[in-house]
Each structure stands twice: as C-alpha cells, then as structure tokens.
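Survey of secondary and tertiary structure
In case you want the letters, here they are:
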Amino acid sequence: MSSRKDNWIEGVLSSADRKNELPFSNALLDRLKKIPAEVNVGSLIIPMRSVYLAAAGFALLIAVNLFATKGSQQKESTEKTALYNSYFSYLDQL
Amino acid sequence: MVLNDFEDIEGLRSGDQRAFHKLIDAFSSRIYNLCLGMLQHQEDAEDATQEVFTTVYLSVKEFKGESKLSTWLYRIAVNKCQEYIRKKTRKKRFGWMVSIENSELAQWSPSFQHPGVELENKERASILFAALERLPENQRIAFTLHKIEGLPYDEVAGAMSVSLSSVESLLFRAKQNLKKLLEGYYEKNER
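Predicted model only: the values in this text are computed from it and were never measured.

Attention now moves to the interface of chain A and chain B. Each partner contributes residues to the interface: chain A has 23 residues there, and chain B has 34 residues. Among the elements that take part in the side of chain A that touches chain B, helix H1 (residues 2-13) of chain A stands out by supplying six residues, more than any other.

Residue and element names in this part refer to chain B. You can read the domains of chain B as domain 1 (1-96) and domain 2 (99-191). Between domain 1 and domain 2, the residue contacts involve 12 residues of the former and 13 residues of the latter. Looking at the side of domain 1 that touches domain 2, the elements that each hand over two or more residues are helix H2 (17-39) and helix H4 (69-94). Broken down by element, the side of domain 1 that touches domain 2 gets its largest block of residues, six residues, from H4. Here the side of domain 1 that touches domain 2 is built from residues that sort into five nonpolar, six polar and one charged.

What follows deals with the nonpolar core. Among soluble globular proteins, nonpolar side chains are generally buried collectively. Grouped together as the largest cluster of nonpolar side chains are 54 residues, with contacts concentrated most on B:Ile31, B:Cys35, B:Leu73, B:Ala77, B:Leu128, B:Ala142 and B:Val156. Of all the secondary-structure elements, those providing two or more residues to this core are H1 of chain A together with H2, helix H3 (42-59), H4, helix H5 (122-132), helix H6 (137-148), helix H7 (153-160) and helix H8 (164-190) of chain B. A total of 11 residues in this core trace back to one element, the largest contributor, which is H2(B). Of the residues that make up this core, three or more belong to each of domain 1 (1-96) and domain 2 (99-191) of chain B. Once residues lying within four places of it in the same chain are set aside, the contact partners of B:Leu73 are B:Phe27, B:Ile31, B:Val52 and B:Val56.

Thresholds applied
Residues numbered from 1 in each chain as written. Chains lettered and ligands numbered in written order. Predicted model: local features only at pLDDT ≥ 70, side-chain atom pairs only at ≥ 80, totals over all residues. Contact = placed C-beta atoms within 7 Å. Helix = DSSP H or I, 4+ residues; strand = E, 2+ residues; numbered from the N terminus. Domains from an automatic or database assignment. Nonpolar A, V, L, I, M, F, W, Y, C, P; charged D, E, K, R; others polar. Core = buried A, V, L, I, M, F, W, Y, C linked by C-beta atoms within 7 Å. Buried ≥ 20, exposed ≤ 12 C-beta atoms within 10 Å, placed from the backbone.

This is how it looks when you write it as structure tokens:
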C-alpha cells in the first residue's frame, strides 16, 4: 500500500519533467515585435503634447499674475493718494 | 565577464530593432514557457512575457555582462512573475467570495492543464501544479525553474539572485513539502 502511494507521489513529482516547449500565438509574437515602435512613439508624442500644455499653462499663470499685480498696484496708489490728500487738507485747515 | 549566449548585445544596446527581433526569436519561447509554468494562466503568461521584453528593451543599456544574457532575462521574468503572483494572492486574500476553507488541503481542485505536458501525464501534472501553488514562493520558483523548465542549478541561482547552496536547500525543502501535500491528497482522493 505504502509503495503504491510512494509510486504515485513520484509519478506526480515527475509528471512535468518531459514537458514540451510550447510555441506561442502569432498575436503575442506581433505584440513583442511592436515593442520598440510603441516605446519610441510613446517617448516622442506624449512629451510634445505635455510640453505644449505645460507652456500654455505657464503663460496663462503669468498673465493672470501680471494683471492681478497691476490692478492691485493701481488700487493701492489711488488709496494712498486719497489718504495723503485728506491728511494735508486737514493740516491746511489747522 | 561571462562569454555570452547572444551575439548582438551591442546592437541591442544601441536600440537596433533587428537585434531586438533576433533576441525575441532566440528567447521568447523559453520566457513564455517559464511564465506559463510559474503563473499557470495563459493570458497572464502572455502579458508577463510582453512586460519582460519591454523591460529588456528599456534597460538593456544597464546590462553589464556579468552574467549570461539568458540568466539576466530569467531574472527579469522571475521578478515579473513574482509581481503577478503577489497581485493574485492579494486579490484572493481580500476577495469576499473566497472562504478560508479553500486554502485547506481537502479543497484542492487541480484545474490548470499545462498544454506542454504529454497527454498521459496531464492529470498528474495538474495535481502537481495545484500542489506547487501551496508552496512558499521561493521554493515554488526554484522547483519550477529546475524541475519543470529544466534550468541547471547555476542558472536557477542567477535567476533568483541566490547562492547555489540556497538553491539546493530550496529544492530539497520544496520536494519535502510537495511530498507531504501529495500524501494528504492521496489519502483523500486516490485511495
């Protein structure tokens, strides 16, 4: 009984020993051969689009900041002039 | 520097597509078979093979020639397969549908039929593949590379980045554990 079990176990352990090397599908071969083209295309197109998008984003950011700075400077100088005027007119009255 | 098993390594390094196609012709079948043996799933094996060759194409410049090119390829393939196995294990562990009982020996359901195994051995081989899934990762890899893919000890050691004595010890423990698992299966199903 024990030797039958041992034989069975040995049989299972060696069952994949004489395995044939499998050819794989042509679809996989195509996928493998396209790797260089796909890798190269990926590195050319995606960065260009990213570069344009990033450049446009930066330009927009700079423009918004310039407008905002200019507007706040104008407002600040108007407020300061009004303050000085009221102060000096008060001094004149004295 | 090791005498290499692929002539056009310089062509590969310079990104020559013909050299890459030669590499595919020379090694793709072996890499695919290795992935199939380790992952026991045809589509996963195909995806892993594609990822191996993409990694090779992108990083061949870093290959220093300290080992054979085939050993370096096997190492990449083993790492990729380990990633797949870990992903699968995580999915199983968190899957709602898989009960804890499924990991018990009694619940074995040998399901993977390796297409390369001879017809007369198919049934036994599917039991072996089911048993292999229950081994610790390193033992499973060592056994698959040596016993199923037929790699010599030194190539197994190179592919797994371990010493020769570690390979011997891993294979010894793998066989011991497989025997125990198969004994349990025999008692339940074959007697």
